[in-house]
Amino acid sequence: MSEFYTAAQRALQNQFDTKNLADRLESAIVSEDLPPQHAEFIGQQNMFFLSTVDQFGFPSSSYKGGAVGFVKVVNSKVIEFPNYDGNGMFMSQGNIVDCAKVGMLFINFENPHRLRLRGTAELITEESAVAQHPGAQTITRVQIDRAWMNCPRYIHKLIPGESSKFVPLPNGTTTFAPWKRLAVFQDVINDAERAEAEALGILTPEEYAAMMAEDS
């Protein structure tokens, strides 16, 4: 049996008479590392979707964004990306500590194209490594197991816009997250964040909602 397909996937391929097609696709488009064209595609993206699994077996999907090229191709078998300041829940990063298996989906919505990766991830907290990604709290390094492109026929086109104003600048600074200005969080954010929130002004839920509507 192929090491790429599971028994359940094989059963469905047999049920719908697509096993030969699936085998041909595996041999034609699935690789155990990143060919140059895949590496180039990753380097041109400013977002991707990450899937992880927690200790209870529940999957989680997350959007990851940054400046173009924020996902670094270390070599044909390894990529890494920064984990910026978030909401403090550490869902994806905690899942990686619990269960290192991850999936990654890169999509170009302007010229429909997508690339899927799966691999084994590790969370890197070493300061010298994190410093290579300004503004990062930690980095995730992924050892690639398989990479393959997917048919883009169902991807709808989107007009590209500006990058988020919250993406860290090259010097690592970033715009303060408005939700941290909400009164309900003032007793649980750290002292530095509380001081910045007070300097900018504490927000009511209504003020925050109006701010988000204005930015949308």
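All residue numbers refer to positions counted from 1 along the written sequence of the respective chain. In view of the model being predicted, local features appear only for residues whose pLDDT reaches at least 70, and side-chain atom pairs are presented and counted only at 80 or more, with totals across whole chains, interfaces and linings using the full set of residues. Hydrogens and water are ignored here; the side-chain numbers use all heavy atoms of the structure.

A. Focus on the sheet that holds strand E4 (residues 78–84). Here, strands pair whenever DSSP counts at least two bridges between them. Numbering of helices and strands runs from the N terminus, with a helix taken as a DSSP run of H or I at least four residues long and a strand as a DSSP run of E at least two residues long. Spatially, E2-E1-E5-E6-E7-E4-E3 is the arrangement adopted by the seven strands of the open sheet, whose pairing is antiparallel. Of all the strands in the sheet, the pair left with one neighbour each is strand E2 (59–65) and strand E3 (72–75). Along the sheet, successive strands turn relative to each other by an average axial angle of 35°, direction set aside. For this analysis, residues touch if any pair of their heavy atoms sits within 4.5 Å. Geometry is summarised by axes, namely lines fitted to C-alpha atoms with helices restricted to the contacting stretch, and by angles between N-to-C directions that run from 0 to 180 degrees. This element, helix H3 (residues 36–43), spans E3, strand E5 (101–108), strand E6 (113–124) and strand E7 (136–150) of the sheet and lies at about 80° to E6.

B. Region of interest: the nonpolar core. If you look at the biggest cluster of nonpolar residues, it comprises 19 residues, and the most contacted ones within it are Phe-48, Val-71, Ile-79, Met-104, Phe-106 and Leu-117. The set of elements that each furnish at least two residues to this core consists of H3, strand E1 (47–53), E4, E5, E6 and E7. Those residues in contact with Leu-117, other than ones at most four positions away along the chain, are Leu-34, Ile-42, Ile-79, Val-102, Gly-103, Met-104, Phe-106, Arg-146 and Ala-147. In this description, a nonpolar core means a group of buried Ala, Val, Leu, Ile, Met, Phe, Trp, Tyr and Cys residues linked to one another through side-chain atoms lying within 4.5 Å. When accessible area is computed with a 1.4 Å probe and restricted to protein chains, residues below 20% of their type maximum are described as buried, those above 50% as exposed, and intermediate ones as partly exposed.

C. A look at the packing of aromatic side chains. Whether two aromatic rings pair depends on their centres lying within 6.5 Å, for rings of Phe, Tyr and Trp, where Trp uses its six-membered ring; planes under 30 degrees apart make the pair stacked, over 60 edge-to-face, and the rest tilted. Tallied over the entire structure, the rule returns seven aromatic pairs. Ring plane angle 85° and centroid distance 5.0 Å describe the contact between Phe-4 and Trp-148, whose orientation is recorded as edge-to-face. Of the two residues, Phe-4 sits in the segment before helix H1 (7–15) while Trp-148 sits in strand E7, which places them 144 residues apart along the sequence. Note on Phe-4: relative accessible area 11%, which makes it buried. A relative accessible area of 11% places Trp-148 in the buried class. Between the aromatic rings of Trp-179 and Phe-185, the centroid separation amounts to 5.3 Å while the plane-to-plane angle is 85°, which identifies the pairing as edge-to-face. Following the ring pairs from residue to residue traces out a cluster consisting of Phe-48, Phe-70, Phe-81 and Phe-106.

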